[in-house]
Amino acid sequence: MRRPARHNTPAGADTWSGTWVAERLGVELTGDERLPGLLGLALRRNPKRAHLLVSNVLGKHVPQAPSVVHGHGVELGRRVRRLLGEDAAGRAVVLGYAETATGLGHSVADGLGTAPYLHSTRRPVAGVATAGGFEESHSHATSHLLLPEDPALLAGDGPLVLVDDEFSTGNTVLNTVRALHARYPRGRYVVVALVDMRSAADAGRLEEFGREIGARIDLVTVASGTVRLPDGVLEKGQALVAQHEAAAEAGRAAAAPSGPSARFPAPLRGAGDGAQAPTGPQSAGDLTRVDLRWPAGLPDGGRHGFTPAHRTALENALPAMAARISAALPEETHRVLVLGFEELMYAPLRLATELERTTGAEVRYSTTTRSPVLAVDDPGYAIRTRLVFPAHDDPADGPGERYAYNVAGAGFDAVVAVVDSVADTPALHAPDGLLARLAEHTPRVLLAVVPSYVPAAPAAVQDAPERPATMLPEPLRGPAFSSYAPEEVGWLLQDLSDVTLEAPTEEREEAIQSGGAHYAESLPVEYQPSEQYQQLFHDALEASAARLAHAVGVVTETVLAERPPRPVLVSLARAGTPVGILMRRWALHRHGLDLPHYAVSIVRGRGIDANALRWLAAHHDPRDVVFVDGWTGKGAITRELAQAVEEFEKAEGVTGFDPEIAVLADPGSCVRTYGTREDYLIPSACLNSTVSGLISRTVLRADLVGPDDYHGAKYYRELAGADLSVSFLDAVTARFEEVTEAARAEAKELLAADRTPTWEGWAAVERISEEYGIHDVNLVKPGVGETTRVLLRRVPWKVLARAGAGSDLDHVRLLAEQRGVPVEEVADLPYTCVGLIHPRFTRGATGADGTAVSR
């Protein structure tokens, strides 16, 4: 197919595509004279930032000539090569950022010529262990994974070249270098971006950080400048977004659309749904599937690494693959878009560059994206149109909207959608899916599917004998173990009820002090509440049952919306167990879902029970597991779980467990999934086993727990007369009906809000530790629940209470009075209260690794 190129000049082409935002928000772009040609402005639908710098040469939001997109990256790579010199360039590794810069990073590696390439990803891949990760604080999707097929890829001492589309604050790069340098130290880093838009305040941080870690950090960009933001720009931007989206919604309602496009009579069967892929162009309605004949074993991109040998193989295959696309285009095609898919940017880009080189059509390239941006049809605005469609690759973070910008109304005679095989799903072909959305705006849609590359399991994993997961004991259940009904929870623990493990608190601290023993090797004597204290529990439960029910509803609705459709609840014993049961009850009450629920042990400094995870992996899909806990304090268990799951997956070759914890209360701002971030009394924290199914805290001791055993716990049957476990659950469950609508509404609001953990609690604990001369964050226990534990189990020094705290602290004040512990009121305390363990026992108190520490 050859036709003369037809170049359409859109109305207002001479207008800078940042004018609309600049005029309404007072945003100013200053610096290099090339910036207006490189960047436009749009408004984010994101509560963290108002504006979005929209690149005209990246090929993400704005369709651009593929030679321009690839050429900018290649030239940056050549500049890096000249900066490093031939020797250092020959040892360099290039790392790109998902999703926006995956193609740019590939292109920079092309310019370097000999460098292997890896990009971060937000897609976990079964069987591939993570080599690290980091956070992108301002993004709508913050967590990045590094999944190289070759574990040694990042371990060399050559320069690491980090590639992003823009360098705005430097936080993402600093987070990356900090995380990787701790694991793979090296002496040279090069940061590459299309534009450097750091403020004056941020400009010196990179060099300062380099001095701090003893490494040189260089910066290579096409252009530099600054975005000047007036006061209140975030609020003004959010108001503008709300105003225009409301107007757009009203317009859609008035237009009364007849429904999604029905131009595809049926999904075209192929490799994505289990049928054999067709060998040539196949049509269904106006959809044509093109078999690229992608070379076997060639990675689809840099998610697991892309070597110079892979680059050579791709170059050799490109002409034939582009010819197959060209042959499937109608003769009258003058203007064609090659549309990539989220992180899959490089393969579509190179196909587009070859199509541009070999045909007479005007070829443009862009990709779909997760990034939510407001569309305004104005020549002075960078995002003129927006196509919205559901995610179609079964993303790990759950279903959601995806977008294609500046495609509708762009006059394309054909669109070639390029996806990987993981994304070739029924959702892609659905009436509201991407292909149907494209068909509403172009006469012809082509689909090219690139096989998703999954590395072979390492030889050590392939050859390792299978773990006897199916030989592990079945979960313990009530009434034989715990006072909970058997269907409420299965305990992946071993019963140590006949073993004497208790010691008085002071003796236990001294025993730890003298032998460096781990806190999980013994148990405190169960606190026997006085009549006055029991009455406080009942009063607190009566007063807070509805509030607790509301939080249970919020966290459960959030889990059901964002996690697997039928999650497997796995509580962290024991504080998480009542919460897990309540979440299970809510799912049954509100949705008729009978969810599996288990309790497992996690021990600070020792990690999660690996045998319990083996049993779960043998009986459930790890991707369905949702870990549950009662509350967060400073976030130590949150971090412990993330590290433990990573180590387990590396050791076992089993992947899919998501270490994100769902909690009832997150006062420490440590997790994304929670019922509330208020620090208030959860009555189950007032007591020990008598509100937790009569089960002790878990035990891990070498003479009792072997390598093939679950961690242990005791069932205190003798305390049955004082057991309040079921009555606590029933009191909260009884309030479900009255809070249902409010809980659903709040969950909906949270799902649309920014819930990124700030770790404010950890920062507060560090500050308190220093202010009170403790110098060990593990002796500072923040929040009502953790303070209660200090008073019940440890040797408390003092309690800090927020000035004006009310009845939520009645039981804390009573316990403190009984133990002779002063309660000190503190203004502006970030928690309702904080418990401090006595410094006199510091050498025997639990340290960061769970063993004794010394001063």
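Above this note sits the structure.
My aim in this report is to walk through the structure given alongside it, one point at a time.

**Let's talk about the overall build of the protein chain**
Counting its regular elements, the protein chain contains 24 helices and 33 strands. Expressed as a percentage of contacts within the protein chain between residues at least 6 apart in sequence, the contacts between residues at least 24 apart total 76%. Accessible area of the protein chain: about 32,900 Å², with a carbon and sulfur share of 51%.

**Some details on helix H10 (residues 308-328)**
Look at H10: 30 Å from first C-alpha to last across 21 residues, which is about the 30 Å you get at 1.5 Å a residue. A maximum bend of about 40° is found in H10 at Leu318, where proline Pro319 lies one to four positions downstream. Taken together, the buried positions of H10 are His310, Arg311, Leu314, Ala317, Leu318, Met321, Ala322, Ile325, Ser326 and Ala328. Buried residues along H10 sit against helix H5 (102-112), strand S12 (287-290), helix H11 (346-358), strand S17 (414-420) and strand S18 (444-450).

**Quick notes on the environment of Ala742**
Structurally, Ala742 can be placed in helix H21 (residues 736-752). Looking at Ala742, the relative accessible area reads 42%, which means it is partly exposed. A C-alpha to C-alpha distance of 8.7 Å links Ala742 and Val554, two positions 188 residues apart in sequence.

**Quick look at the side chain of Thr121**
Secondary-structure assignment places Thr121 in the loop between strand S5 (117-119) and strand S6 (132-135). Side-chain polar atoms of Thr121 contact the side chain of Arg303, separated by 3.1 Å.

**Digging into the sheet that holds S5**
Sheet architecture is open: 6 strands sit in the order S1-S10-S9-S8-S4-S5, paired in mixed fashion. Edge positions in the sheet fall to strand S1 (28-31) and S5, since each has one partner strand and no second. When the angles between neighbouring strand axes are averaged without regard to direction, this sheet yields 30°. Bridge count for strand S4 (residues 93-96) against S5 is 3 bridges, and the pairing is parallel. The partner of Leu95 across the bridge, within S5, is Leu118. Against the sheet, helix H6 (residues 171-183) engages S4, strand S8 (160-167) and strand S9 (188-196), with an angle of about 160° to S8.

Calculation rules
- Residues numbered from 1 in each chain as written.
- Predicted model: local features only at pLDDT ≥ 70, side-chain atom pairs only at ≥ 80, totals over all residues.
- Heavy atoms only, no water.
- Helix = DSSP H or I, 4+ residues; strand = E, 2+ residues; numbered from the N terminus.
- Contact = heavy atoms within 4.5 Å.
- Areas by Shrake-Rupley, 256 points an atom, 1.4 Å probe, with all protein chains shown as cover.
- Expected span 1.5 Å × (residues − 1).
- Bend = angle between axes of the 7 residues up to and from the residue.
- Buried < 20%, exposed > 50% of the residue type's maximum accessible area, 1.4 Å probe, protein only.
- Polar contact = N/O pair within 3.5 Å; in protein donor to acceptor, adjacent residues only side chain to side chain.
- Pairing = 2+ DSSP bridges.
- Axes fitted to C-alpha atoms, helices over the stretch in contact; angles between N-to-C directions.

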